[in-house]
Amino acid sequence: MAASSLFLRCDISPKEATVFDPHRGRGGAVGLKRSGRWRSPKAAVIPNFHIPMRSFEVKNRTCAEDIKKLRLITAIKTPYLPDGRFDLEAYDAMMHMQIKNGAEGIIVGGTTGEGQLMSWDEHIMLIGHTVNCFGGSIKVIGNTGSNSTREAIHASEQGFAVGMHAALHINPYYGKTSLKGLITHFEAILPMGPTIIYNVPSRTGQDIPPPVILHTISHSANMAGIKECVGNDRVKEYTERGISVWSGNDNECHDARWDCGATGVISVTSNLVPGLMHKLMFHGKNASLDSKLSTLIKWLFQPDQPNPIGVNTALAQLGVIRPVFRRPYVPLPLSSRMEFVNIVKELGRENFVGDKDVQILDDDDFILV
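Each chain carries its own residue numbering, running from 1 in the direction its sequence is written. Under the rules for a predicted model, residues below a pLDDT of 70 receive no local features and side-chain atom pairs below 80 are neither given nor counted, while totals for whole chains, interfaces and linings still include all residues. Excluding hydrogens and water, the side-chain figures rest on all heavy atoms present in the structure.

The name an unreviewed UniProt entry gives the protein is 4-hydroxy-tetrahydrodipicolinate synthase, with Acorus calamus as the organism. UniProt positions are given in the numbering used here, feature names are shortened, and annotations may be inferred rather than shown by experiment. Quoted verbatim from the Pathway (unreviewed entry) field of UniProt, the annotation for the protein is "Amino-acid biosynthesis; L-lysine biosynthesis via DAP pathway; (S)-tetrahydrodipicolinate from L-aspartate: step 3/4." If you open the UniProt record of the protein and go to Function (unreviewed entry), you find "Catalyzes the condensation of (S)-aspartate-beta-semialdehyde [(S)-ASA] and pyruvate to 4-hydroxy-tetrahydrodipicolinate (HTPA)."

Structure follows, in structure tokens:
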């Protein structure tokens, strides 16, 4: 039999194909009728393309209402070994510092934690490690967002399976989508578990407008709130409607908390001075402390040096992490590294994490992997 005769024609049904005789030539099938398209056997058809991988056991899970109470959430930095793997020893030490200084929640693998440079295996492993070691002392929020809805669902399932308390989800970036697409993206994700929506148009290229939140996904029981980076006018618009908001801008978080009703902040700066950020979020209005921190915050978020470049450089200078960078990130220039030493002296070394003297590192001290 010729090789071509081993393949069934795609325009006939399986039942009709059983009487098709390739040796009889064109039109040689008995009673052959064209059906227009081939249909797979019913046994192979799965009505729902995705069957949720869920467990209803309690584990370390919490409800959205518990997440809404968190005032200081640190977007934790991920440290590396010289070969580029995670430095879990340094990571654990950083986690202890956060818990000791009053952080109530932690974002694992966010922008600051460089989740964008991780494989999903690394990502889920780090979430699981954080839960296993620290989940009883601090709420673990895994960044399982993606510009692919299917990928975000799968990552969230895995994150909740290893015990994270909540998920952080960004809107689809680069390719972006329509407003209806935004809604369907979040509606597909929210059933997984408690979720914080992250709006940062400067990185995604697309704002999540209030109607998407107010009139649709805010009604989900798993909607914990929003990390909002657009500004305090937007923060106030949400809080006046009863929606929990965390400021995503450290330079605005004091006013967001005490003037605009924000629950608190998801902070980068608290990697360095968690005690001072705790005081800023817990102890009432403190314009003096807010002003005092402004120099450090401006240094961390220089216009031409996007986060997490600044916090990586600072932690290395403090001796808290090894001076290892995953590319494409590279350390701040020497002039900025010298400036940081002066900032530490002004704020007081005792307010920063770690117990080593701050130092000015040379270019050759840094390892790029």
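The rest of the description comes next.
## Quick notes on the overall build of the protein
We count a stretch as a helix when DSSP gives it H or I for four or more residues in a row; a strand needs E for two or more, and each element gets its number in order from the N terminus. Helices and strands together make up the secondary structure of the protein, namely 14 helices and 10 strands. For every residue, the accessible area (1.4 Å probe, protein chains only) is compared with the maximum for its type, and the residue is labelled buried under 20%, exposed over 50%, or partly exposed between those bounds. A buried classification covers 52% of the 369 residues belonging to the protein. Pairs of residues are marked as contacts when any of their non-hydrogen atoms sit within 4.5 Å. Considering only residue pairs separated by 6 or more positions, the protein has 69% of its internal contacts joining residues 24 or more positions apart. When the accessible surface of the protein is totalled, it reaches about 17700 Å², and 52% of it is carbon and sulfur. What sets the accessible areas is the Shrake-Rupley method with a 1.4 Å probe; for residues, cover comes only from the shown protein chains.

## Comments concerning the sheet that holds strand S4 (residues 166-170)
The strand order S1-S2-S3-S4-S5-S6-S7-S8 describes a closed barrel built from eight strands, whose pairing is parallel. Strand-to-strand twist of the sheet, defined as the mean angle between neighbouring strand axes without regard to direction, takes the value 25°. DSSP-based pairing: two strands are paired if at least 2 bridges between them are found. Axis definition: a line fitted to C-alpha atoms, over the contacting stretch in the case of helices. Angles run 0 to 180 degrees between N-to-C directions.

## Let's talk about the packing of helix H5 (residues 149-161) against helix H6 (residues 179-189)
Relative orientation of the contacting elements H5 and H6 amounts to 20°, with a least axis distance of 9 Å. The angle between H5 and H6 places the two elements in the roughly parallel class. Handedness of the crossing formed by H5 with H6: right-handed. Contacts between H5 and H6 involve Thr149, Ala152 and Ile153 from the former and His185, Ala188 and Ile189 from the latter. Amino acids outside the nonpolar list (Ala, Val, Leu, Ile, Met, Phe, Trp, Tyr, Cys, Pro) and the charged list (Asp, Glu, Lys, Arg) are all regarded as polar, and Gly is one of them. When grouped by side-chain class, the residues that make up the contact of H5 with H6 number four nonpolar, two polar and no charged. Angles below 35 degrees are treated as roughly parallel, those above 145 as roughly antiparallel, those between 65 and 115 as roughly perpendicular, and all remaining angles as oblique. For a crossing to be left-handed, the near helix must be turned anticlockwise from the far one by less than a right angle; the clockwise case is right-handed.

## Focus on a nonpolar patch on the surface
Like charges within 9 Å and nonpolar side chains (Val, Leu, Ile, Met, Phe, Trp, Tyr) within 5 Å are joined into patches, using only residues over 30% in relative accessible area that form no salt bridge. One side-chain nitrogen of Lys or Arg within 4 Å of one carboxyl oxygen of Asp or Glu is enough to make a salt bridge. A cluster of nonpolar side chains, contributed by Leu334, Met338 and Ile360, occupies part of the molecular surface with about 250 Å² of accessible area. Relative to the elements of secondary structure, methionine 338 occurs in helix H14 (residues 334-347).

## Details of the pattern of salt bridges
Tallied over the full model, the rule gives 11 salt bridges. Lysine 69 is the partner of aspartate 66 in a salt bridge, and the nearest nitrogen-oxygen pair spans 3.9 Å. Overall, the relative accessible area of 28% leaves aspartate 66 in the partly exposed class. A residue is classified by how much of its surface remains accessible, and lysine 69, at 56% relative accessible area, is exposed. Across the pair aspartate 87 and arginine 322 runs a salt bridge, and its minimum N-O distance is 2.4 Å. Within this pair, whereas aspartate 87 is found in the loop between strand S1 (72-75) and helix H3 (88-100), its partner arginine 322 is found in the loop between helix H13 (309-317) and strand S9 (324-325), the two being separated by 235 residues in sequence.

## Observations regarding the pairing of strand S5 (residues 195-199)
Of all the five residues making up S5, five are buried; the element is thus mostly covered by neighbouring parts of the structure. Alternating positions in S5 separate into two faces, Thr195, Ile197 and Asn199 on one and Ile196 and Tyr198 on the other, with burial throughout. With four bridges joining them, S4 and S5 adopt parallel strand pairing. When the sheet's bridge partners are listed, leucine 168 is paired in S5 with isoleucine 196. Assignment of crossover handedness uses the view with strands pointing away from the viewer, where a clockwise path from the first strand over the helix to the second indicates a right-handed crossover. Crossover connection from S4 via H6 to parallel S5: handedness right-handed. Here S5 pairs with strand S6 (residues 223-228) via five bridges, running parallel. Bridging across to S6, isoleucine 196 finds its partner in glycine 225.

## Quick look at the side chain of arginine 234
Among the structural elements, arginine 234 can be located in helix H9 (residues 232-239). We classify arginine 234 as buried; its relative accessible area is 12%. In terms of polar contacts, arginine 234 uses its side chain to reach the backbone carbonyl oxygen of isoleucine 208, at 3.3 Å. Here arginine 234 is in contact with Asn199, Asp207, Ile208, Pro209, Pro210 and Glu228, once residues within four sequence places are set aside. Identification of polar contacts relies on pairs of N or O atoms within 3.5 Å, with a donor-acceptor requirement for protein atoms, meaning one able to donate a hydrogen and the other able to accept it, and with residues adjacent in sequence counted only if both atoms are side-chain atoms.

## Examining H14
A helix is expected to span 1.5 Å multiplied by its residue count minus one. Between its first and last C-alpha, H14 extends 20 Å over 14 residues, near the 20 Å set by a 1.5 Å rise per residue. When H14 is considered as a whole, its buried residues turn out to be Ser336, Arg337, Phe340, Val341, Ile343, Val344 and Leu347. Looking straight down H14, one finds that the buried residues subtend no more than 165° of arc, so they occupy a single side. In H14, the exposed positions angled more than 90 degrees off the buried face are occupied by Ser335, Lys345 and Glu346. When we speak of the arc, we mean the arc of directions from the helix axis to the C-beta atoms.

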